[in-house]
Amino acid sequence: MSTVSLFGGASFPLGPFVPHESNPILRPKGDSWESANLYNPAALVVDDRVVLLYRAHAEDIVSHIGIAFSDDGVTFEREDAPILSPEHDYERFGCEDPRIAFIEGTYYLTYTGWDRTSAQLCLATSTDLRSWTKHGPLFEDFDTFATTTNPRGRTWSKAGVIVPQQIQGTWWMYFGEGSIYWATSDDLIHWTPGTSDREPMYSPTPGTFDEALVEIGTSPVLTDNGLLVMLTNGATRTVHEDGTVEVDYRCGQIAIDPAEPTKVLARLQDPWLRPQTYEDTHGLVSNVTFVEGLVKFRGRWFAYYGQSDTTLAVAIADPAAPFGTGLQADG
């Protein structure tokens, strides 16, 4: 089995990405565990097929992680049963929002364990994408919203991407919803944050599309000059006179130099993707484009994202097209 995890030949910024005309490419179906909402996938290329590990749930909003395969990156066949489901107290109301890395024959899956009080970044490993060993929450007593305008005041550590090659002789992870942090590991199982939750490496930027929160999105890809590029998610939060809150999620990008892996070298000033279509603007949580999967497949970049926490879509970039054409950035 041949699996690609760290994709090369990228540039910064990466794109332009154009949403596919067939979106949504996956929807909820039937009356099973994925009957109500299906979204937020991790992505890999295995044996020249795109593999998605996606989040889905029924009306109970208890999330499981399913698997789907594609020969063209757009048309997917999914398996009937989820590959990962809640088992423990820390995840009893959901296994959510997967990201994945393949390293030395093992798949490392990070996901959010949700107990309806704390969201905790968890880790599971597998050699075949079917049988998983869960290693539990990674960062207890860590609040990735600690320095934002909306601190959680309890354990909260969603979103984590593992760099599938060592930097400076150790393994690195970038994680966080609210702000972004870094952690290192000697064995890929036990992770230590590089700072306290009061010292993020990247925080929301006032007056921009990620002024309310920023969240790590996709696993890194490698540029020709050696930079790591990661797609991110950002949000604005508007409180209306009647007390209702409107949140708008858009997608950005950051670049990191492995020579200085604790610093964001550059950020995309305007979002490369924002809610536009009906599915982007209507759903369980409306006005959301939320990216978690990115692969280079047959010469093109495929970015997989959730639409309003309800359906799953893809945007595609052709490296031959210069950035600034195709999908117009918001700004």
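Just so it is clear, the structure is predicted and the values come from calculations on it, not from any experiment. (Residues numbered from 1 in each chain as written. Predicted model: local features only at pLDDT ≥ 70, side-chain atom pairs only at ≥ 80, totals over all residues. Heavy atoms only, no water.)

**Focus on the overall build of the protein chain**
Reasoning step 1: Looking only at helices and strands, the protein chain has one helix and 23 strands in total.
Reasoning step 2: Taking 331 residues into account, the globule formula puts the C-alpha radius of gyration at 20 Å, and the protein chain, at 18 Å, falls close to it.
Reasoning step 3: Reported as C-alpha extents along the three principal axes, the dimensions of the protein chain are approximately 50 × 45 × 45 Å.
Reasoning step 4: The buried share among the 331 residues of the protein chain stands at 58%.
Reasoning step 5: For the protein chain, restricting intrachain contacts to residue pairs at least 6 apart in sequence, the fraction spanning at least 24 positions comes to 55%.
Reasoning step 6: Carbon and sulfur atoms provide 45% of the accessible area of the protein chain, an area that totals close to 13,100 Å².
Reasoning step 7: For the protein chain, the distance from the average position of its 22 positive side-chain charges to the average position of its 45 negative side-chain charges is 2 Å. (Helix = DSSP H or I, 4+ residues; strand = E, 2+ residues; numbered from the N terminus. Rg over C-alpha atoms; globule rule 2.2 N^0.38 Å. Buried < 20%, exposed > 50% of the residue type's maximum accessible area, 1.4 Å probe, protein only. Contact = heavy atoms within 4.5 Å. Areas by Shrake-Rupley, 256 points an atom, 1.4 Å probe, with all protein chains shown as cover. Lys, Arg positive; Asp, Glu negative; His and termini not counted. Charge placed at Lys NZ, Arg CZ, Asp CG, Glu CD.)

**Digging into unusual backbone geometry**
Reasoning step 1: With an omega of -5°, the peptide bond between F12 and P13 qualifies as cis.
Reasoning step 2: Residue placement: P13 occurs in the loop between strand 1 (3–4) and strand 2 (18–19).
Reasoning step 3: Although it is not a glycine, D47 adopts a positive phi angle of roughly 50°.
Reasoning step 4: By the secondary structure assignment, D47 is in the loop between strand 3 (37–46) and strand 4 (49–57).
Reasoning step 5: Of note, D309 is a non-glycine position whose phi angle comes to about 55°, a positive value.
Reasoning step 6: Taking the relative accessible area as the measure of exposure, D309 reaches 15% and is therefore buried.

**A short note on a nonpolar patch on the surface**
Reasoning step 1: Among the surface-exposed residues, I61, L284 and V285 lie close enough to one another that they form a single nonpolar patch of about 210 Å² accessible area.
Reasoning step 2: Within the secondary structure layout, L284 lies in the loop between helix 1 (278–281) and strand 21 (289–297).
Reasoning step 3: Classification of L284 as partly exposed rests on a relative accessible area of 41%. (Patch = residues over 30% accessible without salt bridge, like charges linked within 9 Å, V, L, I, M, F, W, Y side chains within 5 Å. Salt bridge = Lys/Arg side-chain N within 4 Å of Asp/Glu carboxyl O.)

**A short note on the environment of K134**
Reasoning step 1: Topologically, K134 is positioned in strand 10 (residues 133–137).
Reasoning step 2: What makes K134 buried here is its relative accessible area of 17%.
Reasoning step 3: Between the C-alpha atoms of K134 and A303, which are 169 residues apart in sequence, the distance is 27 Å.
Reasoning step 4: Apart from the residues lying within four places of it in its own chain, the contact partners of K134 are L84, S85, P86, E87, H88, Y90, E91, C95, Y111, L123 and A124.
Reasoning step 5: One polar contact links the side chain of K134 to the main-chain carbonyl oxygen of S85, over a distance of 2.6 Å.
Reasoning step 6: At 2.9 Å, the side chain of K134 and the side chain of E87 are in polar contact. (Polar contact = N/O pair within 3.5 Å; in protein donor to acceptor, adjacent residues only side chain to side chain.)

**Considering the packing of aromatic side chains**
Reasoning step 1: With the rule as written, the count across this model stands at 15 aromatic pairs.
Reasoning step 2: Ring geometry for F139 and F142: centres 6.3 Å apart, planes at 50°, overall tilted. In this structure, F139 and F142 share a single accessibility class: buried.
Reasoning step 3: Feature note: the residues F76, F297, F302 and Y304 constitute an aromatic cluster, connected by ring pairs.
Reasoning step 4: Note that R116 overlies the ring of F93, its terminal NZ or CZ placed 3.8 Å from the centroid. (Phe/Tyr/Trp six-rings, centres within 6.5 Å; stacked < 30°, edge-to-face > 60°. Lys NZ or Arg CZ within 6 Å of the ring centre and 35° of its normal.)

**Observations regarding the nonpolar core**
Reasoning step 1: Residues F17, W272, V295, W301 and Y304 are the most contacted members of the largest nonpolar core, which totals 39 residues.
Reasoning step 2: Secondary-structure elements contributing two or more residues to this core are strand 3, strand 4, strand 18 (228–239), strand 21, strand 22 (300–307) and strand 23 (311–317).
Reasoning step 3: At six residues, the largest contribution of residues to this core is made by strand 23.
Reasoning step 4: By size, the runner-up hydrophobic cluster in this structure holds 21 residues, among which are I65, F69, Y90 and W132. (Core = buried A, V, L, I, M, F, W, Y, C linked by side-chain atoms within 4.5 Å.)

**Considerations on the pairing of strand 21**
Reasoning step 1: Across the nine residues that make up strand 21, a large majority, eight, are buried.
Reasoning step 2: Examined bridge by bridge, strand 21 and strand 22 share eight bridges and lie antiparallel to one another. Counterpart to G293 in the pairing with strand 22 is Y304.
Reasoning step 3: Turn length for the strand 21-strand 22 hairpin, with the two strands adjacent in sequence and antiparallel, is two residues, and the turn residue R298 shows positive phi of about 50°. (Pairing = 2+ DSSP bridges.)

**Quick notes on the layout of surface pockets**
Reasoning step 1: Its volume calculated, the largest pocket comes out at about 750 Å³.
Reasoning step 2: Taken together, 29 residues make up the lining of the largest pocket; nearest its centre are K158, E177, Y249, V285 and D309.
Reasoning step 3: When contributions to the lining of the largest pocket are tallied by element, the ones reaching two or more residues are strand 3, strand 7 (95–103), strand 8 (106–114), strand 16 (213–216), strand 18 and strand 19 (245–256).
Reasoning step 4: Along the lines of polarity and charge, the residues of the lining of the largest pocket split into 15 nonpolar, four polar and 10 charged. (1 Å grid on protein atoms, 1.4 Å probe; cavity = no way out; pocket = protein on both sides within 12 Å on 5 of 7 lines; lining within 4 Å. Points joined across faces, edges and corners; volume = space filled by probe spheres on them. Nonpolar A, V, L, I, M, F, W, Y, C, P; charged D, E, K, R; others polar.)

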